[in-house]
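Structural characterization, general
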Amino acid sequence: MDKNSQQIINSLKNSISNLYTIKQTLNDINVFPVPDGDTGNNMYLTFENILPQEEFTDVSDMVSYLNSQLLLHSKGNSGVILSSFLSQCLTELAISSLENPKTWIAAFSAGYTSALNSIATPKNGTMLSVMQVISNISLYSAESMTTLDDFFQKVVNIAWNETENSSQELPELKAANVIDSGSAGFTAILFGIASEFSPRIADIYEETYTPWVNSYLSKIDKPSLMRYLASRDSQEEWGYCTQFIVNKTCGVTKTKIEDMFEQFPTTQSLVVLESNNFLKIHVHSDDPEPLLEHFSNSFQIDNISCENMSDQSHSYIGNGIVVVLPSSDFSDLFQSLGIYRIIIWDHLLESPEAVFRSISNIKNLSEIFIITCSKFSLDVISKSIKKMNSQMRPFLCSAVTIPEAVGAILEYDQNLSPSDNQERIRQKLNEVTTTTLLLTSVDGLISHQLRDETIIRDLNWQNLMFQIITSELRAANSLITIYHGSNITTKELTQFTDRFTQSYGSMELETYGTSNARDSIILSIE
């Protein structure tokens with residue numbers, strides 16, 4: 001194997017190793033184009049099995065083999081775009097000296113052009129932006145072009161800066177407070193290539209770049225992302241990530257494939273890659289069956305893959321929790337807590353079978369944790385679960401009020417098993433006291449029965465609430481939370497808060513309102 005071939009193989013090995021160490025983080029911060037938590041896996045799987053098992057004597061033959069493997073193994077939006085860039089980049093490198101920095105810039109430029117042309121709707125703030133900036137020769141000073149060591153130091157710095165800037169490019173990334181995971185993965189690949197020609201870069205990757213990317217694990221704001229998606233009326237169902245290969249023996253071209261997709265206007269994220277023998281198609285589709293049938297009637301298609309992005313997204317954003325609410329009241333509160341899957345079930349209007357069907361349609365039920373907000377819902381769902389196959393049964397939380405459901409979510413630990421969470425939350429709920437004050441009045445008076453069966457009456461709900469708090473208090477440093485409807489005015493809340501501060505200065509008060517009027521106020525003390 002000649003020097004060029006060996007350097008290319010070593011660069012790819014380094015890149016595969018880099019992706020392996022960072023892939024889970026890339027999954028965990030994956031927000032765009034779909035928040036489905038698989039970018040790291042897709043980039044790694046695109047690379048994992050491309051290296052030749054036998055030695056090539058000619059670098060061009062080796063690159064041809066690598067390119068075919070890249071296209072065959074490319075997976076997901078990030079993997080397909082990445083393979084388009086690398087295929088053209090490797091083709092350019094095969095015919096030039098790797099010792100010249102200008103060779104690399106020309107290769108980067110060819111790779112960027114190939115990736116750009118393969119994407120139907122390019123977006124700034126993605127790995128495409130990183131590909132573009134490392135191809136811009138005007139960003140390289142004369143000093144950075146002196147040696148390969150200086151040059152690759154500049155390459156990774158440019159890529160790193162652009163990756164950091166990605167957090168401000170796309171609204172999804174801004175909302176989630178993260179960098180683009182595809183850009184971060186592509187920069188990790190560049191670190192792998194660079195470390196073959198500048199050994200000190202491997203240390204920078206391990207000691208500085210990787211911890212920097214990992215820091216976004218604590219910065220990502222999934223509740224904020226959910227609020228953004230809701231504000232733009234984003235559909236909850238993301239459809240299917242669909243990939244297939246079209247054999248070119250029938251004379252089909254990339255342009256013809258792209259023209260055929262005009263018959264499917266609802267598809268998104270179309271990427272079409274072309275090699276000597278086949279075309280690789282990646283697309284997001286609400287219903288892939290008509291699309292696949294159409295193409296199979298016209299061409300020979302193979303390697304078909306369809307992945308349900310909705311299931312992946314729900315699992316990624318929702319943390320495995322499903323909340324069942326009796327109405328849409330406070331659904332925005334649960335969304336702000338990072339809950340993506342909310343089932344609204346009014347048992348007065350819908351049969352128990354309705355909520356059971358909604359639960360049964362959830363994939364990976366045995367990994368799901370269900371939280372209800374009423375005793376009736378808890379009983380109905382509990383009976384339904386007992387009828388299920390034991391291996392399919394989800395775990396059910398014992399919460400029966402809004403405050404208990406909120407407490408359960410806050411206590412839920414994603415790193416624990418559902419059964420361990422069940423016990424952890426059970427203990428937490430023992431510390432929560434919940435009382436509901438009905439606002440309906442008789443003869444102008446609102447009444448309430450305390451736990452000791454004393455009946456208290458008053459014209460003003462605030463006076464009653466203070467009597468309830470005094471009766472229920474167990475500790476001087478308690479947290480008091482009020483859940484109310486829109487019929488409680490801002491003025492009333494301000495008066496209550498001021499009075500509370502004067503009376504219970506050492507305690508904390510939180511209030512949550514809903515846009516709907518309610519005939520009750522819920523109080524929790526913990």
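Provided above is the structure to which this section pertains.
What this report covers is the structure whose coordinates are included nearby. In this text the structure is predicted, and so the values were computed from the model without any measurement. (Residues numbered from 1 in each chain as written. Predicted model: local features only at pLDDT ≥ 70, side-chain atom pairs only at ≥ 80, totals over all residues. Heavy atoms only, no water.)

Together, Asp 286, Asp 287, Glu 289 and Glu 293 make up a negatively charged patch on the protein surface. The partly exposed category is assigned to Asp 287, whose relative accessible area is 43%. (Patch = residues over 30% accessible without salt bridge, like charges linked within 9 Å, V, L, I, M, F, W, Y side chains within 5 Å. Areas by Shrake-Rupley, 256 points an atom, 1.4 Å probe, with all protein chains shown as cover. Salt bridge = Lys/Arg side-chain N within 4 Å of Asp/Glu carboxyl O. Lys, Arg positive; Asp, Glu negative; His and termini not counted. Charge placed at Lys NZ, Arg CZ, Asp CG, Glu CD. Buried < 20%, exposed > 50% of the residue type's maximum accessible area, 1.4 Å probe, protein only.)

On to the environment of Ile 480. Here Ile 480 is to be found in strand β13 (residues 479-484). Distance in space between the C-alpha atoms of Ile 480 and Glu 510 is 6.3 Å, their sequence separation being 30 residues. If near-sequence neighbours (up to four positions away) are discounted, Ile 480 is found in contact with Ile 469, Leu 473, Phe 500, Met 507, Glu 508, Leu 509, Glu 510, Leu 523, Ser 524 and Ile 525. (Helix = DSSP H or I, 4+ residues; strand = E, 2+ residues; numbered from the N terminus. Contact = heavy atoms within 4.5 Å.)

On the surface, a cluster of positive charge is made up of Lys 383, Lys 386, Lys 387 and Arg 393. With respect to the helices, strands and loops of the structure, Lys 387 is situated in the loop between α17 (375-386) and β8 (395-396). Using a relative accessible area of 72% as the deciding quantity, one classes Lys 387 as exposed.

Here we take up the packing of aromatic side chains. Remark: the centre distance and the inter-plane angle together describe each pair of aromatic rings, the angle taken between the planes. The final tally for this structure, using the stated rule, is 29 aromatic pairs. Arranged with centres 6.3 Å apart and planes meeting at 40 degrees, the rings of Phe 295 and Phe 299 form a pair that is tilted. Considered together, Phe 295 and Phe 299 belong to a single accessibility category, that of buried residues. Stacked on the ring of Tyr 44, the Lys or Arg Lys 23 has its end atom at 5.7 Å from the ring centre. Note that Lys 219 overlies the ring of Tyr 216, its terminal NZ or CZ placed 4.4 Å from the centroid. (Phe/Tyr/Trp six-rings, centres within 6.5 Å; stacked < 30°, edge-to-face > 60°. Lys NZ or Arg CZ within 6 Å of the ring centre and 35° of its normal.)

Our focus in this paragraph is the pattern of salt bridges. Should their charged atoms come close, side chains of opposite charge can pair. As enumerated under the stated definition, the model contains twelve salt bridges in all. One salt bridge connects Arg 426 with Glu 423, and the closest N-O pair in it is separated by 2.6 Å. One end of the pair is Arg 426 and the other is Glu 423, both in helix α19 (residues 418-429) and three residues apart, which spans about a single turn. Linked by salt bridges that have partners in common, Lys 428, Glu 431 and Glu 526 make up one network.

With 18 residues, helix α4 (residues 76-93) extends 26 Å between its outermost C-alpha atoms, agreeing within 8% with the 26 Å of an ideal straight helix rising 1.5 Å per residue. Counting buried positions over the 18 residues of α4 gives 15, a clear majority of the element. (Expected span 1.5 Å × (residues − 1).)

Across a regular strand the side chains alternate sides, sitting on one face of the sheet and then on the other. Bridge count between β13 and strand β14 (residues 508-513): six bridges; the pairing is parallel. Note that in β14 the partner of Leu 479 across the bridge is Glu 508. The β-α-β motif built from β13, the intervening helix α21 (residues 490-503) and the parallel element β14 has right-handed crossover chirality. (Pairing = 2+ DSSP bridges. Right-handed = clockwise from strand over helix to strand, strands pointing away.)

Moving on: the packing of helix α18 (residues 402-411) against α19. Taken N-terminus to C-terminus, the directions of α18 and α19 make an angle of 130 degrees; their axes are 9 Å apart at the nearest point. By the criterion of interaxial angle, the relationship of α18 to α19 is oblique. Judged by the twist between their axes, the crossing of α18 over α19 is right-handed. Together, Glu 404, Gly 407, Ala 408 and Glu 411 of α18 and Asn 421, Arg 424, Ile 425, Lys 428 and Leu 429 of α19 make up the contact between the two elements. In terms of residue class, the contact of α18 with α19 is made up of three nonpolar, two polar and four charged. (Axes fitted to C-alpha atoms, helices over the stretch in contact; angles between N-to-C directions. Parallel < 35°, antiparallel > 145°, perpendicular 65-115°, else oblique. Left-handed = near helix turned anticlockwise from the far one by under 90°. Nonpolar A, V, L, I, M, F, W, Y, C, P; charged D, E, K, R; others polar.)

With that settled, the discussion passes to the pairing of strand β6 (residues 341-344). In β6, alternate side chains face the same way, and those of Arg 341 and Ile 343 are buried while those of Ile 342 and Ile 344 on the opposite face are not. Pairing analysis gives four bridges linking strand β5 (residues 321-325) to β6, with the strands arranged parallel. Across the sheet, residue Leu 325 finds its bridge partner in β6, namely Ile 344.

Take Ser 129: it is sitting in helix α6 (residues 127-134). On the basis of relative accessibility, which here comes to 7%, the residue Ser 129 falls in the buried class. For Ser 129, the side chain forms a polar contact with the main-chain nitrogen of Gly 125, separated by 2.8 Å. Apart from residues lying up to four places away in sequence, Ser 129 is in contact with Lys 123, Asn 124 and Glu 162. (Polar contact = N/O pair within 3.5 Å; in protein donor to acceptor, adjacent residues only side chain to side chain.)

Moving on: the sheet that holds strand β9 (residues 433-438). Pairing between the strands of a sheet is mediated by backbone hydrogen bonds and can be parallel or antiparallel. With mixed pairing, four strands are arranged side by side in an open sheet as β9-β15-β13-β14. At either end of the open sheet lies a strand with only one pairing partner, and these are β9 and β14. Neighbour to neighbour, the strand axes of the sheet diverge by 15 degrees on average, direction disregarded. α21 rests against β13 and β14 of the sheet, and its axis sits at about 165 degrees to β14.

This part takes up the packing of helix α5 (residues 101-118) against helix α7 (residues 148-165). At a minimum axis distance of 10 Å, the contact between α5 and α7 shows a crossing angle of 30 degrees. Judged by the inter-axis angle, α5 sits roughly parallel to α7. Here α5 contributes Pro 101, Trp 104, Ile 105 and Phe 108 to the contact with α7, which in turn contributes Leu 148, Phe 151, Phe 152 and Val 155. For the contact of α5 with α7, the per-class residue count stands at eight nonpolar, no polar and no charged.

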